[in-house]
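Here are the chains, one letter per residue:
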Amino acid sequence: MRLVKTLPFLLSLSAALGSASALALPNDRDQPIRIQADDAHLDDKQGVATYKGDVIITQGSMMIKGNTVTMTRAANGDIDVVTSVGNLAYFEQQQSAAKPDKMKGWAVTIQYQAQKDTVILTDRAKVENEGNTTEGEKIVYNTKSQVATAGRGGNVSTPRQRIDMVIQPKKKAE
């Protein structure tokens, strides 16, 4: 599945927002995908799977949680869009074997657009990594260009006038 293979945003979003760049665990993409949910509706003809009720999706060190998660497939069978909705939807992924801390993100809606290499966290969006945090109505990250944008989100339940970032100072080598 291309989900983890193209989800380096979980690892490098902080780089675009002020931290050092990192990669996912190299074997995450080779791990099986496990989906746990109370209910599942699979429509092979339309290429859509909807999971409801405390959904947990794991692949290697990556985890996505939400009340409802919808996955759509592209014509070639690859994952096209994964949308996790919750109060709050959540993701995490370990950056490297040397760094046990995981990058974490929360939002009412987390949407991963695989074909566009884009991740969109909307409504009460927050990303944490190595003590650095970014909060706003909406955080958009392009995994290919490694460009992130944080700001206003349009139709959100909790409007914020400004983004809020905390960037930790880099530790000097001893």
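Residues numbered from 1 in each chain as written. Predicted model: local features only at pLDDT ≥ 70, side-chain atom pairs only at ≥ 80, totals over all residues. Heavy atoms only, no water.

- An unreviewed UniProt entry lists the chain under the name Lipopolysaccharide export system protein LptA, from Pseudomonas urmiensis.
- Under the heading Sequence similarities (unreviewed entry), UniProt records this for the chain: "Belongs to the LptA family." (UniProt positions renumbered as here; feature names shortened; annotations may be inferred.)

## A few points about the overall build of the chain
So, point 1. Looking only at helices and strands, one finds two helices and ten strands in the chain.
So, point 2. Of the regular secondary structure in the chain, the N- to C-terminal order runs α-α-β-β-β-β-β-β-β-β-β-β.
So, point 3. For the chain, long-range pairs separated by at least 24 residues make up 46% of all intrachain contacts whose partners lie at least 6 apart in sequence.
So, point 4. When the accessible surface of the chain is totalled, it reaches about 9400 Å², and 48% of it is carbon and sulfur. (Helix = DSSP H or I, 4+ residues; strand = E, 2+ residues; numbered from the N terminus. Contact = heavy atoms within 4.5 Å. Areas by Shrake-Rupley, 256 points an atom, 1.4 Å probe, with all protein chains shown as cover.)

## As for the packing of aromatic side chains
So, point 1. Summed over the entire model, instances satisfying the criterion amount to one aromatic pair.
So, point 2. For lysine 126, the ring lying beneath its charged end belongs to tryptophan 106, and the centroid distance is 5.8 Å. (Phe/Tyr/Trp six-rings, centres within 6.5 Å; stacked < 30°, edge-to-face > 60°. Lys NZ or Arg CZ within 6 Å of the ring centre and 35° of its normal.)

## Section: the confidence of the model for the chain
Detailed reading of the predicted coordinates is not advisable wherever pLDDT is low.
So, point 1. A residue-level look at the chain finds 80% of positions with pLDDT of 70 or above and a mean pLDDT of 78.
So, point 2. For the chain, the element scoring lowest by mean pLDDT is helix α2 (residues 9-16), at 31; strand β2 (residues 39-43) scores highest, at 96.
So, point 3. Across residues 1-23, where pLDDT falls below 50, the model places 81 contacts with residues more than four positions away in sequence or in other chains. (pLDDT = per-residue confidence, 0-100.)

## Describing a nonpolar patch on the surface
So, point 1. The grouping of Ile163, Met165 and Ile167 at the surface amounts to a nonpolar patch, some 230 Å² of accessible area in total.
So, point 2. In this structure, methionine 165 sits in strand β10 (residues 164-166). (Patch = residues over 30% accessible without salt bridge, like charges linked within 9 Å, V, L, I, M, F, W, Y side chains within 5 Å. Salt bridge = Lys/Arg side-chain N within 4 Å of Asp/Glu carboxyl O.)

## Considerations on the pattern of salt bridges
So, point 1. Counted by the stated rule, this structure contains four salt bridges.
So, point 2. Lysine 126 is the partner of glutamate 128 in a salt bridge, and the nearest nitrogen-oxygen pair spans 3.2 Å.
So, point 3. Among the residues examined, lysine 126 registers a relative accessible area of 24% and is labelled partly exposed. (Buried < 20%, exposed > 50% of the residue type's maximum accessible area, 1.4 Å probe, protein only.)

## With respect to unusual backbone geometry
So, point 1. The step from asparagine 87 to leucine 88 runs through a cis peptide bond, and the omega angle for that step is 5°.
So, point 2. Position of leucine 88 relative to the elements: it lies in strand β5 (residues 79-96).
So, point 3. Within the chain, aspartate 54 stands out as a residue other than glycine whose phi angle is a positive 50°.
So, point 4. Its location among the elements puts aspartate 54 in strand β3 (residues 48-59).

## Details of the environment of methionine 63
So, point 1. One can find methionine 63 in strand β4 (residues 62-73).
So, point 2. Not counting the four nearest positions on each side in its chain, methionine 63 is found in contact with Ile56, Ile57, Thr58, Tyr90, Phe91 and Glu92.

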